[in-house]
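What follows is the residue order along each chain.
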Amino acid sequence: MVLARVVGNVVATRKDPRLEGKKMLVLQHVAPDGRPRDMYVVALDTVGAGARETVICVSGSSARMASGMKNTPVDTAIVGIVDKVSVLPGER
């Protein structure tokens, strides 16, 4: 699982029929303290995430196990919206 922030969306008029009706969002990976990282990915949204929200995403076979993703050609899926992140003192 990876922490990321929603930074955009993707509109594709032509796509695999199994992607019809699925929301695609652009995510930027973030550190636990919210600092952005130089990694972007397109993910299918399974939880109703919105702009600038911090989310949890999964990739690979885990993405295909997310709700509504069975038999869908997906490599990354958003599986949670983050309310708060806490890191123990001295841990990085």
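These numbers come from a predicted model, not from an experiment.

Participant: Help me understand the nonpolar core, please; the structure alone is not making it clear to me.
Facilitator: In globular proteins that are soluble, nonpolar side chains generally tend to be buried together. Ala4, Val6, Leu25, Leu27, Val41, Ala43, Ala49, Val55, Cys57 and Ile78 form the largest nonpolar core, which has 10 residues in total. Of all the elements in the fold, those that place two or more residues in this core are strand E1 (2-10), strand E2 (24-30), strand E3 (36-45) and strand E4 (54-59). The residues touching Ala49, leaving out its near neighbours within four places in the chain, are Val6, Lys23, Leu25, Val55, Ile78 and Ile81. Counting residues in hydrophobic clusters, the runner-up holds nine residues, among them Leu19, Met24, Ala66 and Met69.

Participant: Sorry if this is basic, but what is going on with the sheet that holds strand E5 (residues 76-81) here?
Facilitator: Sheet strands pair via backbone hydrogen bonds, and the direction of the pair is either parallel or antiparallel. With mixed pairing, five strands are arranged side by side around a closed barrel as E1-E2-E3-E5-E4. The average angle at which neighbouring strand axes cross in this sheet is 55 degrees, direction not considered.

Conventions used here
- Residues numbered from 1 in each chain as written.
- Predicted model: local features only at pLDDT ≥ 70, side-chain atom pairs only at ≥ 80, totals over all residues.
- Heavy atoms only, no water.
- Core = buried A, V, L, I, M, F, W, Y, C linked by side-chain atoms within 4.5 Å.
- Buried < 20%, exposed > 50% of the residue type's maximum accessible area, 1.4 Å probe, protein only.
- Helix = DSSP H or I, 4+ residues; strand = E, 2+ residues; numbered from the N terminus.
- Contact = heavy atoms within 4.5 Å.
- Pairing = 2+ DSSP bridges.
- Axes fitted to C-alpha atoms, helices over the stretch in contact; angles between N-to-C directions.

On their own, these measurements won't tell you what the molecule is for.
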